[in-house]
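# Analysis of the macromolecular model
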Amino acid sequence: MFLELGIKPENKFWKYLLGSVFIITASFIGQIPFSVAVLYKTFNSNKAFPTDSDSALKMFEPNLTLFLVMISFAFAFAGIYFVVKYLHHQTILSITTARKKIDWGRILFSFTLWAVFSLLSFVALYFKSPENFVWNFKLVPFLILVALGVVLIPIQTSTEEYVFRGYLMQGFANLALNRWFPLLMTSLIFGSMHFFNPEVAKMGYVIMIYYIGTGFFLGILTLMDEGIELSLGFHAANNLIGALLVTSDWSVFQTHSIFKDMSEPSAGLDVILPVLVIYPILLFIFAKKYGWSNWKEKLTGKINSVESSN
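Residues numbered from 1 in each chain as written. Predicted model: local features only at pLDDT ≥ 70, side-chain atom pairs only at ≥ 80, totals over all residues. Heavy atoms only, no water.

### Some words on the nonpolar core
Ranked by size, the top nonpolar core spans 63 residues in total, and within it Ile-80, Tyr-167, Phe-217, Leu-221, Leu-282, Phe-286 and Trp-292 carry the most contacts. Mapped onto this core, the elements with two or more residues apiece are α1 (13-30), α4 (62-87), α5 (104-128), α6 (139-176), α7 (180-192), α9 (208-225), α10 (229-245) and α11 (269-290). Residues contacting Leu-282, with those up to four places away along its chain left out, are Leu-113, Trp-114, Phe-217 and Phe-234. Core analysis: the next-biggest nonpolar cluster, separate from the first, contains nine residues, Ala-56, Leu-57, Leu-68 and Val-69 among them. (Core = buried A, V, L, I, M, F, W, Y, C linked by side-chain atoms within 4.5 Å. Buried < 20%, exposed > 50% of the residue type's maximum accessible area, 1.4 Å probe, protein only. Helix = DSSP H or I, 4+ residues; strand = E, 2+ residues; numbered from the N terminus. Contact = heavy atoms within 4.5 Å.)

Right, here's the structure in full:
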């Protein structure tokens, strides 16, 4: 059982607090190159220092911005590895899955399923409102984006999954010894992480329904499947396909994508639809493919401690 892999007498909750601080610190260290680049660009251009992250992100060419920002996630992932191995004396496998080894087939299936759905959804949206999109494709910048994205975006998404659905989910399980509390807390914290995204300022707080709902969806995947493989695949597909396919002036990242969305952002059905309709359909597909059962116990039941070492 996945959550039980982290339930050990020596895994006190203070260790998770200390580990979280260490991972955050590693992430901040990884942001130093971006900060230095901002200072250098500001000094040489004789312009005012940017007062918000949105302005700072727009200071550089999009591919360079993507590279500089993603460095922090590589540092954070290294922090996760260090904390899990040396503070908790566990393996990365133990915060990945309850299986004997990582199921790459699950990752690939989840990635492919959401990538295909995302592409079909965009095609439908494009034919419905073609006036909202302009051709943004430039071969060389796009190829560089593909090279960077294929390497760096999975690092970013995997880092977030290992933090929330792996490390912190087991940490909150240690605290509460049940399943609903880790699901609730990691989903709320994951959603709150996106609070300062420019999309929130443009669309309003209602978009937090989507972010928190996505956190719940990924948490349910993890608890029902006893591992984070499905959430790893979904999250990677969501961010990578989004970065390659369409960008906008109001999104958190501007990329050399194929299309650019010129519409005025608004939070409506597109915020509610994934949470109330699309995610349940995906859960049904996964449940049928992997034979999930006993939903109530897996999502809300109590946890029995496992005292043996991982």
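### What about the packing of α9 against α11?
Running from amino to carboxyl end, α9 crosses α11 at an angle of 10 degrees, the nearest separation of the two axes being 10 Å. Here α11 runs roughly parallel to α9, going by the angle between their axes. Here Ile-209, Tyr-210, Gly-213, Thr-214, Phe-217, Ile-220, Leu-221 and Asp-225 of α9 come into contact with α11, specifically with Val-271, Ile-272, Pro-274, Val-275, Tyr-279, Leu-282, Leu-283, Phe-286 and Tyr-290. When grouped by side-chain class, the residues that make up the contact of α9 with α11 number 14 nonpolar, two polar and one charged. (Axes fitted to C-alpha atoms, helices over the stretch in contact; angles between N-to-C directions. Parallel < 35°, antiparallel > 145°, perpendicular 65-115°, else oblique. Nonpolar A, V, L, I, M, F, W, Y, C, P; charged D, E, K, R; others polar.)

### Quick word on the environment of Leu-64
Turning to its location among the elements, Leu-64 is positioned in helix α4. Since its relative accessible area comes to 38%, Leu-64 is described here as partly exposed. Each C-alpha atom, one on Leu-64 and one on Gly-105, is 32 Å from the other, the two residues being 41 residues apart in sequence.

### What about a nonpolar patch on the surface?
Nonpolar side chains collect at one region of the surface, where Leu-269, Leu-273, Leu-276, Val-277, Ile-281, Phe-284 and Ile-285 lie side by side and expose about 660 Å² of accessible area between them. Note that Val-277 resides in helix α11. Judged by relative accessible area, which is 36%, Val-277 ranks as partly exposed. (Patch = residues over 30% accessible without salt bridge, like charges linked within 9 Å, V, L, I, M, F, W, Y side chains within 5 Å. Areas by Shrake-Rupley, 256 points an atom, 1.4 Å probe, with all protein chains shown as cover. Salt bridge = Lys/Arg side-chain N within 4 Å of Asp/Glu carboxyl O.)

### A look at the sheet that holds strand β3 (residues 259-261)
Strand order across the open sheet formed by three strands is β1-β3-β2, with mixed pairing between neighbours. Because the sheet does not close on itself, it has two edges, and the strands there are β1 (133-135) and β2 (246-248). Across the sheet, the mean angle from the axis of one strand to that of its neighbour is 35 degrees, orientation sign disregarded. As defined by bridge partners, β1 adjoins β3 across three bridges and the pair is classed as antiparallel. Paired with Val-134 across the strands is Lys-260, a residue of β3. (Pairing = 2+ DSSP bridges.)

### Section: the packing of aromatic side chains
Applying the stated rule across the entire model yields 31 aromatic pairs. Pairing Phe-77 with Tyr-162 gives two aromatic rings, centres 5.5 Å apart and planes at 85 degrees, and the pair type is edge-to-face. Here the residue Phe-77 occupies a position in helix α4, and Tyr-162 occupies one in helix α6, the gap between them amounting to 85 residues. The class for Phe-77 is partly exposed, based on a relative accessible area of 29%. (Phe/Tyr/Trp six-rings, centres within 6.5 Å; stacked < 30°, edge-to-face > 60°.)

### Comments concerning the layout of surface pockets
Unoccupied space between atoms shows up once a probe the size of one water molecule is rolled over them. Computed from the structure, the second largest pocket encloses a volume of approximately 220 Å³. Listing elements by their share of the lining of the second largest pocket, those giving two or more residues are α5, α6 and α10. Among the residues forming the lining of the second largest pocket, the class breakdown is ten nonpolar, two polar and no charged. (1 Å grid on protein atoms, 1.4 Å probe; cavity = no way out; pocket = protein on both sides within 12 Å on 5 of 7 lines; lining within 4 Å. Points joined across faces, edges and corners; volume = space filled by probe spheres on them.)

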